[in-house]
Structures are given as structure tokens and as C-alpha cells.
Amino acid sequence: MKSINKKITEIKWFSFLIPSLAFYLIFFVLPAISSVFFAFTDWDGINYKFIGLANFVEMFHDESILTSFGNTIIYAISITFFQNFFGIVLAVFCMKKLRGLTFIRTVFFMPAIFSALLIGYTWGFILEPNIGALNTILSVLHLEFLQTSWLSDPFWARFMIIFVTVWQFMGYSMVIFVAGLKAIPNELYESANIDGAHGWKEFIYITFPLIAPSFTINIILSTIGTLKLFEQVYAMTGGGPGYMTESVAITINRLGFGGTGTRWGYGASMSVVMFLAIMFLTVFVVNKLRKREVDF
Amino acid sequence: MKKNISLFLAVALIATSMVGCGSKATPEASTTAASSTTTVAAASTAVVPAKEANLRYLTWEYSESQGATDAWIKNSQDKFNITIDMQNAPGDTYNNVLKTQIASNDIPDLVRVHTITNDMLLEGSTKIDTEMFADISDLKAVADYDPASINNNKRGDKLYYVSMVRNALGGIYNKKVFKDLNLQLPTNYDEFIAVCEKIKAANIAPIAGSFKEAWTIQIIPFIAFGQYIESKDPDIKNKLKTGTTTYADHAADVKKALDLTQIFIDKGYVSKNYLGTDTTVACSMVGTGKAAMLINGTWMFKQVQDSNPSAEIGFMAIPFNAAGEKTTLGTSSDNGICISSATKEMEAARTALEYYLGTDIQTILMNDLNGIPTNSKVTVDSPSFKEISKVLTLPSVQVLGEFWDGNYFPGSVVLDMGKDFQNLLAKGTTSDEIVKKYTDLCAKALEAKK
């Protein structure tokens, strides 16, 4: 009797999981699995027929797709590097004993809690070439020669997407680095000081190796995030001019939901390639970074 | 007790989630289903003569045709006891909203469409069954429309919709700029270049570039395609669709059309920051005289005028022709309403559509859209219409019934010409590559059709 009651209780508690499990299953697992199937079809959202590897073959001959893969690699490398570089610089700064530091930390972290779309549109207005704040300020300062089409020149548009993403998320990396820095025992710094290590040497030989776990998590998070970069590009350039600033996520969206987009099967095949790329890259990076982590 | 309450709430939550999935939308539900949609249903105060009916109407263009739509909804209720629940989906996602409703077998009673191709591709991309929409050829109002707006939308004997508005591509220009510089409207390419040079010399941008919006980049190549290719071969559309000819066969002329915008940019005729400027700013540049003309469709006339109501705005055909040749003026008539064959209110749907196609609503619609009516009984008295009509009847102008677009490809080709042309201006591709791409796309589509 007891065991039956126990089972009933367990079923009751399990029932609380059903809503979230159902949502996860319906809105994540099933679409993810079905997208693998649709990657081998010419699905237009209603009809489909099996076309084997045709989508994958076409993908590697399609100039716009290759551009978006190239852009995504540029975004991933640049954003991951600069976000973590500035993140650690800010974290080290925030470990100093200064007045108002909590406020400064909050200011640095704040952009990360806002919607990336909101940030993207706001920067879009700032960088608008005709009536945007940046070109207007440059004009007021008689620096017209520095004015440019920030979001329509492909070079500057890519640069600005990288800049805005780094600006938004460096505070996020900073918080993780601060947590790592706080975990380093003070005794290590004291003994290093006795041995004559100060400043830069202290950072290179103590701080840097001991915050390796923070590096691992930061690099993994920012790499995955930038490989899926969507909102900033969507809000700031829409992938344009032409296809010049498109990321893979933007291209997938264009193929499925753009003005004439109906190639959902083709988009699904890109998603599969992206999924595999992220998975292999993550496994590789985690293995490499784990090796340099130090236990203390 | 707490456990029981929690359990009850959990079950209720699951039940609510499940109810939300897959239920067929009722007219009432459709009005609240999506937060991004707008619903307008008029309250009736008049005497109602007929049996009550509810119709669902899907459109994308409520903001452009608000006057006509509001009048139609209100009067349908008052005159015919027909309640029209409108779902206004955003234009850029309209195709997907429609596709989703078709996929879930939940097609509204009345559906606004841009086009149904000969290959039964709704909005140029979604393959539909020939039985999906009802034949409306026996509606009385249809007889008042010009033959092209009927015949283009017939598949076999079946008329799916009537094109209600005709647009033309050309230059919307600021008359004061031309008057101040003592300029005559150009009638050939050399004169056009000379006019642009004089405007440029006066520190005014001859052409307002709004190429941040990719669709606007299509206009100059579309006009040029009409002049260089279609004027020589009026059947080019069908030949390209059927593979009788290819884009490669016309490579020199297609490239000439594609490269023309860049030539104007290189000559300094296009306003600066053209790839970062949208139509709102470009219209305002023309309205305020900072730029002389906007090369676009007649549907932009109102926006230019509204940017400066005191400005005198005109419309001209853009002459890419040599001296002695006629200037082509690309026009198109699309945009109609279909009746779903599956509607349970067929008579009400026909009554409502008959009323929409009639002169009362069409007159309001033409004023809303600043378009050229295809209904012969509709007269429009707006300054913009007068300007446009004047150009349409010029002896030096050859009016083309269509202009280059996705319909100049075999049915299953899906492409975004605006993005391709924007990519060309951003140096992401070349006109040679675009010609090759379009040739290959056509060949592939025709091969698949076999």
C-alpha cells in the first residue's frame, strides 16, 4: 500500500514537469529533429519532396551563402576576442578598491540585460548617415571628413556590428571574470609579492592561469552566441547592403521568411550545417581550454 | 489541500496549452489570435435587410487603403448585414501568414493577393490548387474593368481576381527645381544626362537614392529593361518563362540595364549615402528640393507630396531611349481580392466583393492609393492622377503593360531581385554574375518542370 501511495505521489510531482516538458518537446525537440529531415527536401512550408543532398551541394556553390558563412566566422572570431579582452580588462579594473565601483560595474553590465534588438535599433538611429547622432556630432565638431555611411559601407557595417555586440556583452564577460578573480586566494598574491612579482607579472603568472575556467565558459558562451548572431545584424543592417553583412542566422531567416522566402528546406540544411559546426567547434574549444585550467 | 490545488493548476495549465494548439480559428478568435494584426469591424446602427453573415478578410495594406476599407466594412454591415473581420498582416510577412493559413486549411473567406502566376503560384511562390479560389467572372462589376486587368488573372475560364489598380514607374520630381534652373523635361537619354548635369551643377542631387530599402534599387533596372529589351521584343516575358530565350541571350542589354544605376552614382547624380537612406528621407529630399527627383512607382507620389504639402510635384517618364525613339513607361496592374472556395458564406462573400469592386469603394480606393483605376466608371480628381494620366497619354511615350520582375522567370524560380541589385551596388557581385545566376536559375527550373 505504501509503495502505491509513493508512486501516486511521484506521479503527482511528475505532473508538474509535464507543461515544461511538453513545451520543450513541441517547440524545440520536434522542430529540431524535423529540420534534419527537411534539410533533405525542397520544403516550401506546405509541400515538399525528397531531394537528397541537393541543398548541401547548392549551399557550397551559392555566393551569398558563402558570404554569410565568411561573415559569421569574422563575427565569431572578432567578437569572441574583443568581448573577452575588454571583459577581463574591466574585471581587473573592477577588482580595484575604488569608490563607486558597484555603480561602475552595474553600468558596464547594464547593456547585456537589454534586448539585443532594442540595442541594435538604437545604434541604427545613432549611425544613420543623414540624420544620425554620430554624423551630426562629427559635423558640429567640423570633422566632416570622418563622416561615412556607417551601416551601408560593407566594411564599416561589419565593424559596427562587431563593435555594438562587443559593447553590449563585454559587461557579461566581465561579471564571469570577476567571479573567477574573486575565487583566487589572496595568499597567492602575497607570496608572489614576497618573491618580487608585482603588476603585470602578477597578472601573467597568477591571475591569468587561475581564471582559466572563467575563460573557458566565456569563450564557449561568446563563440556559440556569435555563431548564432541574429538580432544585431537584423536591426542594424538587415544583412545588407545586398548580402554583405549577413550572418548564417540572417540568411536562414531570409530563405524562410524574407520577402520572397519560401526555401525552408534549404534554410533547414543551413541550420544542420550550423548545428554541426557549433557542436564540433565547442567540443574542440572545450577540450583545448580545459587542458590549461589549473586546480588550486 | 495545497497539493491538490497545485495538481489542479498543473492540469489546467496543460489543458489550456493544448486547447491553444490546433484549434480552428473562429471569426472571433481570429480577431485576437495575433497581437501583430489589426481588426476592424464596424458596429451597425442601420436597418439590416439580409441574413446576417460573418466574413474573414486577410490583407496587408490597411494602412494604404484605410479610407476604402473602413467604408467597405461599415457599409457592408449597414447595407447587407455582413460583418467583415479584417486581419491586417504586416506586408513583409504577409506571404508567410497566408501560407500558414493555407497549410492549416484555415483560408479566410476573402484574401487580398498581389498575384497568382500562370503556374498557380500564389504571391509568386506558394503552389496552390486550381480549386482553392472561386470563379468571380459572373460578378456584375467585373464588366466595368479593362480587359487586361481581367484577362491577366484568368486561368482557363476561371477568373480568380480583378486587378484594381494600375501603377507606373517613372520620376516623381520637384517642379520648382526644374523651373528655377529653367529645365525642360528630358525626352531621351542624352537630354536626361544634360538635365542631371545642370541640376548637379546647382548643388542639388538629381536623383534621391533610397537604396537602403532593397526593393527601390529595382526601379531603374526595371525601367531600363523595358526600354532596352521589352520594347524590342514585347513577348520577352513568355520567351524567358518558357526557355525560348535566356538571359544570357540578352546579356549585353540586361547588363546595360543592371549597370545603369552605378553609372548614375559614378557621375555623381545620386544623393550621398544612397545605400543608407530609406524612402522616407528620400521623399523628403525631393519634397524640400534637396533632390530633384525620385525614380520610383506612382504609389510613392503621395509620400513625396506629404513630405512638403506646399511643393509642386510632377511625374515624368524616365527616358533611357535614344533620340527619335519612344520612351517606354512600365506599368503594372495587380492587387485584387479572391474568394475562398471553402467559404461557408459564398453569397455574402460575392456580395461583399461585388460592392468592393463597384464605383463607390473603388473611387475611395484610388484616392487612398493614388493609383490609376482599372474600373472604367471610376474617375479620380487628384493632382497626382492628373500628372500621371498626362504622361500615360503622351505620344512620345510607349506604355508597357508590365515591367520586369519575378514573373519574367519560370514559375518555380524564387529570387529576391532587390537584394541581388543591392549586392551589385555594394560590389558584392557583378552584372555578369547576375546574368549567369538568372540564366542558371531559369535553366534549372525548366529542367525540373520536365
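Heads up: the structure comes first, above all this text.
Reading guide: rules and limits
Residues numbered from 1 in each chain as written. Chains lettered and ligands numbered in written order. Predicted model: local features only at pLDDT ≥ 70, side-chain atom pairs only at ≥ 80, totals over all residues. Heavy atoms only, no water. Helix = DSSP H or I, 4+ residues; strand = E, 2+ residues; numbered from the N terminus. Buried < 20%, exposed > 50% of the residue type's maximum accessible area, 1.4 Å probe, protein only. Contact = heavy atoms within 4.5 Å. Areas by Shrake-Rupley, 256 points an atom, 1.4 Å probe, with all protein chains shown as cover. Core = buried A, V, L, I, M, F, W, Y, C linked by side-chain atoms within 4.5 Å. Phe/Tyr/Trp six-rings, centres within 6.5 Å; stacked < 30°, edge-to-face > 60°. Lys NZ or Arg CZ within 6 Å of the ring centre and 35° of its normal. Buried area = accessible area lost by both parts, 1.4 Å probe. Polar contact = N/O pair within 3.5 Å; in protein donor to acceptor, adjacent residues only side chain to side chain. Pairing = 2+ DSSP bridges. Axes fitted to C-alpha atoms, helices over the stretch in contact; angles between N-to-C directions. Salt bridge = Lys/Arg side-chain N within 4 Å of Asp/Glu carboxyl O.

S.K.: Can you explain the overall build of chain B? Please cite residues and give values.
M.R.: Check the secondary structure of chain B and you find 17 helices and 15 strands. For chain B, with 450 residues in total, the buried portion stands at 55%. Contacts in chain B between residues far apart in sequence, at least 24 positions, make up 76% of those at least 6 positions apart. With an accessible surface of roughly 19,200 Å², chain B has 54% of that area assigned to carbon and sulfur atoms.

S.K.: Describe the nonpolar core, with residues and values.
M.R.: Ranked by internal contacts, the top residues of the largest apolar core, which has 63 residues, are W72(B), L110(B) and L357(B). In this structure, F222(B), M316(B), F409(B) and A445(B) belong to the second largest nonpolar core, which totals 57 residues.

S.K.: Would you mind going over the packing of aromatic side chains in detail, with residue names and values included?
M.R.: Applying the stated criterion to the full structure yields 48 aromatic pairs over all chains. Pairing F208(A) with F215(A) gives two aromatic rings, centres 5.1 Å apart and planes at 75 degrees, and the pair type is edge-to-face. Note on F215(A): relative accessible area 11%, which makes it buried. By way of ring pairs, the aromatic residues F222(B), F225(B), Y247(B), F403(B), W404(B), Y408(B), F409(B), F421(B) and Y438(B) are connected into one cluster. For K99(B), the ring lying beneath its charged end belongs to W264(A), and the centroid distance is 5.0 Å.

S.K.: Please provide a residue-by-residue account of the interface of chain B and chain A, values included.
M.R.: Accessible area lost upon the coming together of the parts is a frequently used measure of interface size. Taken together, the contact between chain B and chain A spans 36 residues of the former and 36 residues of the latter. With both chains or domains summed, chain B and chain A bury close to 2,900 Å², and 59% of this area falls on carbon and sulfur atoms. If you look at where chain B meets chain A, you find 10 residue pairs in polar contact (both at pLDDT 80 or more). Elements with a minimum of two residues in the side of chain B that touches chain A: α1 (2–20), α4 (94–103), β5 (126–127), α16 (417–425) and α17 (431–449) of chain B. Broken down by element, the residue count for the side of chain B that touches chain A peaks at 9 residues, all from α1(B).

S.K.: Summarise the sheet that holds strand β2 (residues 82–88) of chain B; cite the residues concerned and give the values.
M.R.: Residues and elements named next belong to chain B. Here 4 strands make up an open sheet; going across it, the order is β2-β1-β3-β13 and the pairing mixed. Strand pairing shows two members of the sheet lacking a second neighbour, β2 and β13 (336–339), which therefore form its edges. Shown here is a sheet whose adjacent strand axes are inclined to one another by a mean of 25 degrees, direction ignored. As paired elements, strand β3 (residues 110–113) and β13 share 4 bridges and run antiparallel to each other. Residue pairing for β13: R112 is matched across the bridge by I337. Sheet contacts for α4: β1 (53–59), β2 and β3; angle to β1, the most-contacted strand, approximately 135 degrees.

S.K.: Talk me through the pattern of salt bridges; I want residue IDs and the actual numbers.
M.R.: One pass over the structure, following the stated rule, counts 21 salt bridges over all chains. The shortest N-O distance in the salt bridge between R263(A) and E58(A) comes to 3.0 Å. With R263(A) in the loop between α13 (248–257) and α14 (264–291) and E58(A) in helix α3 (residues 54–59), this pair connects stretches of sequence that are 205 residues apart. For R263(A), a relative accessible area of 27% puts it in the partly exposed group. We note a salt bridge from K175(B) to E387(B), for which the minimum N-O separation is 2.5 Å. Of this pair, K175(B) sits in helix α6 (residues 175–180) while E387(B) sits in helix α15 (residues 383–392), and the two are 212 residues apart along the sequence. K175(B) gets classed as partly exposed once you look at its relative accessible area, which sits at 23%.

S.K.: So, the environment of V36(A): which residues are in play, and what are the values?
M.R.: All names here are of chain A. Residue placement: V36 occurs in helix α2 (residues 18–38). With relative accessibility at 40%, the residue V36 sits in the partly exposed group. Along the primary structure V36 and M270 are separated by 234 residues, whereas in three dimensions their C-alpha atoms are 9.9 Å apart.

S.K.: I'd like a rundown of the side chain of S149(B), residues and numbers included.
M.R.: All names here are of chain B. Among the secondary structure elements, S149 is positioned in helix α5 (residues 147–151). A polar side-chain atom of S149 sits 2.7 Å from the main-chain carbonyl oxygen of D146. Look past the residues within four positions of S149 in its chain and what remains in contact with it is Y161, V162, S163, S333 and T374.

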